[in-house]
Amino acid sequence: MEGFEYQDNRLHAESVPLELIAEEHGTPCFVYSAAAMERQVEGLRTAFSGQSYRICYAVKANGNLAVLQYLARLGCAFDLVSGGELARVQAAGGDLSQSVFSGVGKTSEEIRQALDAGIGAFHVESPSELERISRIAQKEGKVAPVSLRINPAIEVNTHPHIATGFRGSKFGVPWDEALDTYRIANRLGGLEIRGVACHIGSQLVDAEPIVAAARQLVDLADRLREEGIDLEYVDVGGGLGICYHDEKPPALEPYAEGLREVIGDRPLSLVIEPGRYVMGNAGILLTRVEYIKHTAGGRFVVVDAAMTELMRPALYGAWHAIMPVTKMEGRERRNCDVVGPVCETTDCLGRSRRLSVEEGELLAVFSCGAYAASMGSSYNARPPVAEVMVDGDRHDLVRCRGEVDQLYAGERIREG
Ligand SMILES: *Cc1c(COP(=O)(O)O)cnc(C)c1O
């Protein structure tokens, strides 16, 4: 895996041995590779070169400030879905004027916050939201840039929990109401129409549905132009899949080429919103084996990481590779379940794995750069874990391990 390789049987993040990171920062701990992040962004850059495009990295995949800062330096803008994510992008020095604000439930407070911050565009999901943004913008004496997120009603081949573009999903303006909703946007005061967006699902292993959705959006843009509504961009969302196990992620060339063809010579630029593709394989979760125990269910390797750091296996039955940090020669590999300490049967990071590992040793759970730390919870009163970013032989702590008393700092014992 780019960024994480064995050297003399010891797993490294770039040039730094993971044993050293565990020693310095403890476990569990997320480790990110700057080189792996850069490689992904560069891949997109190369595929889209010569085209007018913008990368708006989806903050929800991993919103660590150092990650956002690094991606901003690589030229990315951001796709954000809450006031909290907006504050993160601001704190990391990201360019909000090139960024977009997505999501089905923006509150009035969040709309004001984004207007004040000079957001590039609101990606609006309903006529009610258009009216609310229009009202707030006029009250503040501002013009809000808006695009509509359209649901192109496309079925995709992915886990049902991460498909978003099928007919009847909560996301987007239904396809057959798109034109009317643009007409509403065009009538309302305080709004300026910028573009059109969609996002049809995540972990897509085939780019064809994304290109098909883009074709629908471009058709819509053509119809709108006939009515005198000119769009600047078409945003095809994120969704590019990665390899967790044996998936074949879509090649970038046909994806970029397909989108180029669909846009043709129209004066439309392209926006993409990759999250998982940029970060998924740029991070691992480093964990230590606490106990090995046997029950009628077999051999259990109990580690110090849990569903509180990596929810995906419990949430979608996701598969993550798990490897020993130090490979021991000549030791037998045995079948086991790798489980965390949390009081849920679904707190299992890997089922039926063949591993040779003993108590006290370190394991690396791969593909934990996206939708791991950002989905973390403090269930069982577990504070957030440390995060480290490696860049060549440099490694920096980019999030301190949380303290338990921070978890209940806002709670109050009742008087009397
Ligand atoms: C989640 C999301 C993304 C990122 O999806 P990935 O599958 O991680 O690329 C992009 N855009 C929107 C609107 C999203 O909700």
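Everything discussed here concerns the structure shown above.
Think of each chain on its own: its residues are numbered from 1, step by step along the sequence as written. A pLDDT threshold of at least 70 governs which residues receive local features in this predicted model, and a stricter bar of 80 or more applies before side-chain atom pairs are shown or counted, although totals over entire chains, interfaces and linings include all residues. Remark: hydrogens and water are excluded; side-chain values derive from all non-hydrogen atoms of the structure.

**Concerning the sheet that holds strand 2 (residues 10–13)**
Note on pairing: two strands pair once DSSP finds at least 2 bridges between them. By definition, any uninterrupted DSSP run of H or I lasting at least four residues is a helix, any uninterrupted run of E lasting at least two residues is a strand, and each is numbered from the N terminus. Strand order in the open sheet made by the three strands is 1-2-3, with antiparallel pairing throughout. Because the sheet does not close on itself, it has two edges, and the strands there are strand 1 (4–7) and strand 3 (16–17). Inspection of the sheet shows strand 2 paired to strand 3 by two bridges, in the antiparallel sense. When the bridges of strand 3 are listed, alanine 13 appears paired with valine 16.

**Comments concerning the site of the ligand**
Taken together, 14 residues form the shell around the ligand, and within it Lys60, Ser202, Glu273, Arg276 and Tyr371 come nearest. Definition of a polar contact: a pair of N or O atoms within 3.5 Å, with one able to donate and the other able to accept a hydrogen when the atoms are protein atoms, and with sequence-neighbouring residues admitted only if both atoms are side-chain atoms. At a separation of 2.3 Å, an oxygen atom of the ligand approaches a polar side-chain atom of serine 202. Take glutamate 273: an N or O atom from its side chain is 2.5 Å from a nitrogen atom of the ligand. Surface accessibility follows the Shrake-Rupley procedure with a 1.4 Å probe radius. Residue values consider only the protein chains on display as shielding. With the chains in place, 93% of the 390 Å² that the ligand exposes on its own is no longer accessible. For this description, a residue counts as near a given molecule or strand if any of its non-hydrogen atoms is within 4 Å of it.

**Here's the deal with the nonpolar core**
Nonpolar side chains tend toward joint burial in soluble globular proteins. Among buried residues, the Ala, Val, Leu, Ile, Met, Phe, Trp, Tyr and Cys ones that are joined through side-chain atoms within 4.5 Å form a nonpolar core. Relative accessible area decides the class of each residue, using a 1.4 Å probe on protein chains only: under 20% of the type maximum gives buried, over 50% gives exposed, and in between gives partly exposed. Counting 105 residues, the largest nonpolar core has Tyr57, Leu71, Phe122, Tyr182 and Tyr255 as the members making the most contacts within it. At nine residues, the largest contribution of residues to this core is made by helix 8 (residues 208–226). Per the annotation, domain bounds derive from an automatic or database assignment of domains. Looking at this core, you find at least three residues from each of domain 1 (4–32 + 280–407) and domain 2 (99–274). Contacts were defined at the residue level, with two residues in contact if any of their heavy atoms lie within 4.5 Å. Discounting residues that sit within four places of it in the chain, phenylalanine 122 has contacts with Phe101, Lys106, Ile111, Ala114, Leu115, Ile133, Ala144, Pro145, Val146 and Ser147. Counting residues in hydrophobic clusters, the runner-up holds 19 residues, among them Ala13, Ala22, Val388 and Val390.

**Things to note about helix 9 (residues 252–263)**
Look at helix 9: 17 Å from first C-alpha to last across 12 residues, which is about the 16 Å you get at 1.5 Å a residue. For helix 9, the full list of buried residues reads Leu252, Tyr255, Ala256, Gly258, Leu259, Val262 and Ile263. Down the axis of helix 9, the smallest arc covering the buried residues is 160°, so these residues share one side. Trailing helix 9 by a residue or two, glycine 264 shows a phi angle of about 60°, which is positive. The span expected for a helix works out to 1.5 Å for each residue beyond the first. Here the arc refers to the directions that run from the helix axis out to each C-beta atom.

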